[in-house]
Amino acid sequence: MRVVRLSASEVLERLDELAELMVDTVDSGASIGFLAPLGHTEAAAWWKGRAAAVAAGALATWAAQDGERVVGTVGLAFPDKPNSRHRAELVKLMVHRDARGRGLGRALLTTAEEAAAAADVILLHLDTETDSPAERLYTSAGWTRAGVIPDYAADPAGVLRPTTLYFKRLGATAPTR
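All residue numbers refer to position in the chain's written sequence, counted from 1. Two thresholds apply to this predicted model, a pLDDT of at least 70 for residue-level local features and 80 or more for giving and counting side-chain atom pairs, whereas whole-chain, interface and lining totals are computed over all residues. By convention in this description, side-chain values take in all heavy atoms of the structure and omit both hydrogens and water.

A. Representation of the overall build of the protein. Here a strand is any run of E in DSSP of at least two residues, a helix any run of H or I of at least four, and the numbering for each starts at the N terminus. Counting its secondary structure elements, the protein contains 5 helices and 7 strands. With the principal axes as the frame, the protein shows a C-alpha extent of 45 × 40 × 30 Å. Taking all 177 residues of the protein together, the buried fraction comes to 40%. Considering only intrachain contacts with a sequence separation of at least 6, the fraction spanning at least 24 residues in the protein is 60%. Surface accessibility follows the Shrake-Rupley procedure with a 1.4 Å probe radius. Residue values consider only the protein chains on display as shielding. Counting only carbon and sulfur atoms, one obtains 52% of the accessible surface of the protein, whose full area is about 9000 Å². Under the counting rule used here, the positive set is Lys and Arg, the negative set is Asp and Glu, and His together with the chain ends is not counted. Charged groups are reduced to one reference atom each: NZ for lysine, CZ for arginine, CG for aspartic acid, CD for glutamic acid. Mean positive and mean negative side-chain charge positions of the protein (20 and 22 charges, respectively) differ by 5 Å. Burial here depends on accessible area, computed with a 1.4 Å probe over protein chains only, as a share of the maximum for the residue type. Under 20% is buried, over 50% is exposed, and the range in between is partly exposed. Contacts were defined at the residue level, with two residues in contact if any of their heavy atoms lie within 4.5 Å.

B. Fine view of the sheet that holds strand β2 (residues 59-66). Reading across the sheet, the 7 strands line up as β1-β2-β3-β4-β5-β7-β6 and stay open at both edges, with mixed pairing between neighbours. Only two strands of the sheet have a single partner each, and these edge strands are β1 (2-6) and β6 (144-154). Each adjacent strand pair in this sheet contributes to an overall mean axis angle of 25°, direction not counted. Between the N-to-C directions of two axes lies an angle of 0 to 180 degrees, each axis being a line fitted to C-alpha atoms and, for a helix, fitted only over the stretch in contact. In the packing of helix α2 (residues 15-27) onto the sheet, the strands contacted are β1, β3 (69-77) and β4 (87-95), and the crossing angle to β3 comes to about 85°. On top of the sheet, helix α5 (residues 133-140) reaches β4, β5 (123-129), β6 and β7 (160-169); it is set at about 155° to β5, its chief contact. DSSP bridges decide pairing: two strands pair if at least two such bridges lie between them.

C. Structural detail: the packing of α2 against helix α3 (residues 40-56). Relative orientation of the contacting elements α2 and α3 amounts to 120°, with a least axis distance of 8 Å. Helix-helix and strand crossings are classified by hand; for α2 and α3 the assignment is right-handed. The residues of α3 that touch α2, namely those facing L15, D16, L18, A19, E20, M22 and V23, are H40, A43, A44, W46, W47 and K48. Less than a right angle of anticlockwise turn of the near helix away from the far helix marks a crossing as left-handed, whereas a clockwise turn marks it as right-handed.

D. Geometry of helix α4 (residues 104-118). By this rule the span expected of a helix is its residue count minus one, scaled by 1.5 Å. Spanning 15 residues, α4 covers 21 Å between terminal C-alpha atoms, matching the ideal 21 Å at 1.5 Å per step. Of all the positions in α4, only L104, G105, L108, L109, A112, E113 and A116 are classed as buried. Phi for D120, located one or two positions after α4, is positive at around 65°.

E. Here's a closer look at unusual backbone geometry. A cis geometry characterises the amide bond from A36 onward to P37, with omega recorded as -5°. Tracing the sequence through the fold places P37 in the loop between α2 and α3. At K92, a position not held by glycine, the phi torsion is positive, near 50°. Note that K92 resides in strand β4. Unusually for a residue other than glycine, D131 sits at a positive phi of about 70°. Its place among the elements puts D131 in the loop between β5 and α5. The class of D131 is exposed, set by a relative accessible area of 65%.

Given below as structure tokens:
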């Protein structure tokens, strides 16, 4: 497995693979903002919409590949406000069912954390479904639980579920930009 950063053109070139990963992730019950059943066309359209953000530098996206097949992704969303350029949101950490249990989620998380630190980001945050397997990953990777919001988002079956907010400090002081 290898993890590569995707350019905007690579996101567009790999729409089908990225859509297939997203469909599998939702079908397996992960709460990533979509309801089941998620169609391939809808997933591809979502990814297509991200290409402009990648081109603009507002989103960085990495894909984990098993050979040439995309089996995982993670992203960093960068705020556009001057007072928040020291932070980023970790988004769309997904691992295909066939690739789970091999440390790929941890590798993607580490890649995003290292890239954030290299970009002078000192604070990361994310939200995830409370009591999901993802919580174990974030806790074991040193993320701090900030709190729980009840009934925050519907899971893929449409049931309202609580969401847990996490953060991770990557440095001690804000950059001077």
